Amino acid sequence: IIDAINSRFVALLQRANSGENNWHALEFAVSKLITYYFKEGDKDKIQPILIKLEDSVDQSKFNSHLKGYRYQQIYKLYESVQIHTEASRLLRKIENTAVEGLDNLKMISVKTDLEQKELEEFISIFTTGDIEVDLPNIAVYFIPKIDQYELQIQKRESQGMGVLNRFFSHSPINQAGLAMATLDMTERENQLAQEITMGFQISSQYLFTIMNEFIKKHQLNENTFTEILSNKLIHDKKMETLLKVGLKHYLNNDYISAAHLLIPYVESTLRNVIRENGGNIYKPNKKGGYDAFLLGDILSSQILKEILTPDIIFYFKLVYNDVRGYNLRNNLAHGLVEPSYFNAYTVQLIIHSLIILSCIRPLTNEQ
């Protein structure tokens with residue numbers, strides 16, 4: 001049987017090298033062969049087979065997306081038989097094809113038409129001149145409402161739109177074109193994350209316009225802006241310099257510098273919210289000491305869930321540390337994106353989260 005499969009593999013390989021698209025049959029034959037040799041402990045026969053399969057992909061004239069997929073399948077075949085020496089080479093090929101594939105991606109744009117008068121009336125809702133009114137209005141309005149997005153998904157599906165989307169996985173990609181995750185779109189949270197992140201593209205544009213008018217209306221500089229955002233009940237005075245200097249850069253349109261200072265301030269402030277409300281912010285480490293909660297632990301804290309709504313928690317995750325969203329904190333901390341990623345619109349989301357934090361209050365016995 002193995003000899004017959006091997007003969008079949010050789011024939012399929014010749015046809016593939018002649019331009020025939022028979023990948024699935026070829027992959028199936030290879031899988032059977034290497035699984036047999038692996039069980040027999042005859043690993044010397046495995047690598048030549050996989051090298052021939054890889055060479056066939058190298059020589060193929062298929063597009064980069066298809067080549068990338070096939071290199072990924074070959075990588076999995078190597079892993080299935082515990083050959084890890086080829087991982088580095090294959091991962092580099094996967095990366096190179098992903099970069100090539102970026103040139104073939106199409107941009108999808110959504111345009112919203114709004115009359116100037118209508119826009120001015122909308123902006124005026126958030127720029128009344130009373131900062132005690134404007135601040136919470138901005139905070140609340142731009143928080144994505146999970147219930148509303150769920151209704152939006154249900155309405156679209158009831159009309160037969162977007163149903164097929166659930167039958168295909170979704171892979172958000174990084175700036176190198178590599179998938180950061182493979183998301184099962186039958187899961188409601190993944191659908192919501194996709195919808196909300198797409199919604200950011202529009203809402204951040206409005207937020208940008210409103211914040212410019214808000215700053216102008218209240219004549220804010222780094223000192224006055226710091227003062228209104230420094231909620232004394234949750235603000236850590238020791239971290240105030242991060243906030244003030246970050247806001248100074250933001251007001252000067254230096255968004256890269258602003259992000260570098262304001263994101264750590266947001267994380268520190270969320271940690272302080274937990275501490276000020278009686279929660280623990282440390283966990284034991286393997287070295288006999290204690291580590292402070294990082295953002296993943298912070299946003300999973302039960303104390304924080306009692307203070308912030310599920311809408312806000314999910315929003316913060318998508319903005320700061322979830323690959324399904326902007327993932328600003330991780331992208332910044334690990335140098336995963338180009339500097340242009342931190343622009344007027346993405347940094348508006350950081351400013352908005354600071355406004356939300358400035359409006360929260362600690363728990364009381366009556367609440």
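All of the points below concern the structure found in this document. The model shown is predicted, which means the values in this text are computed figures rather than measured ones.

**As for a negative patch on the surface**
Point 1. Together, Glu 115, Glu 118, Glu 120 and Glu 121 make up a region of like negative charge exposed at the surface.
Point 2. With respect to the helices and strands, Glu 118 occurs in helix 6 (residues 116-124).

**Section: the packing of aromatic side chains**
Point 1. Enumeration over the complete set of coordinates arrives at 16 aromatic pairs.
Point 2. Taking the centre distance of 5.6 Å and the plane angle of 65° together, the rings of Tyr 36 and Tyr 37 count as edge-to-face.
Point 3. For Tyr 36, a relative accessible area of 36% corresponds to the partly exposed category.
Point 4. Taken together through their ring pairs, the aromatic side chains of Phe 200, Tyr 315, Phe 316, Tyr 320, Tyr 326, Tyr 341 and Phe 342 make up a single cluster.

**Examining helix 6**
Point 1. Looking only at helix 6, the buried set comprises Leu 119, Phe 122 and Ile 123. Projection of helix 6 onto a plane perpendicular to its axis shows the buried side chains occupying an angular sector of 95°, all on one side.

**Notes on the packing of helix 9 (residues 188-217) against helix 17 (residues 344-359)**
Point 1. As a packed pair, helix 9 and helix 17 sit with axes 9 Å apart at the nearest point and diverge in direction by 70°. By the angle class used here, helix 9 and helix 17 are roughly perpendicular. Mapping the contact onto sequence places Phe 200, Ser 204, Gln 205, Leu 207, Phe 208 and Met 211 in helix 9 and Ala 344, Tyr 345, Gln 348, Leu 349, Ile 351, His 352 and Ile 355 in helix 17.
Point 2. In the contact of helix 9 with helix 17, the residues fall into nine nonpolar, four polar and no charged.

**Examining unusual backbone geometry**
Point 1. Backbone geometry at Gln 82 places phi at a positive 60°, although glycine is not the residue there.
Point 2. Summarising the element assignment, Gln 82 is placed in the loop between helix 4 (64-80) and helix 5 (87-102).

What counts as what
- Residues numbered from 1 in each chain as written.
- Predicted model: local features only at pLDDT ≥ 70, side-chain atom pairs only at ≥ 80, totals over all residues.
- Heavy atoms only, no water.
- Patch = residues over 30% accessible without salt bridge, like charges linked within 9 Å, V, L, I, M, F, W, Y side chains within 5 Å.
- Areas by Shrake-Rupley, 256 points an atom, 1.4 Å probe, with all protein chains shown as cover.
- Salt bridge = Lys/Arg side-chain N within 4 Å of Asp/Glu carboxyl O.
- Lys, Arg positive; Asp, Glu negative; His and termini not counted.
- Charge placed at Lys NZ, Arg CZ, Asp CG, Glu CD.
- Helix = DSSP H or I, 4+ residues; strand = E, 2+ residues; numbered from the N terminus.
- Phe/Tyr/Trp six-rings, centres within 6.5 Å; stacked < 30°, edge-to-face > 60°.
- Buried < 20%, exposed > 50% of the residue type's maximum accessible area, 1.4 Å probe, protein only.
- Arc of directions from axis to C-beta.
- Axes fitted to C-alpha atoms, helices over the stretch in contact; angles between N-to-C directions.
- Parallel < 35°, antiparallel > 145°, perpendicular 65-115°, else oblique.
- Contact = heavy atoms within 4.5 Å.
- Nonpolar A, V, L, I, M, F, W, Y, C, P; charged D, E, K, R; others polar.

Geometric values such as these leave the question of function open.
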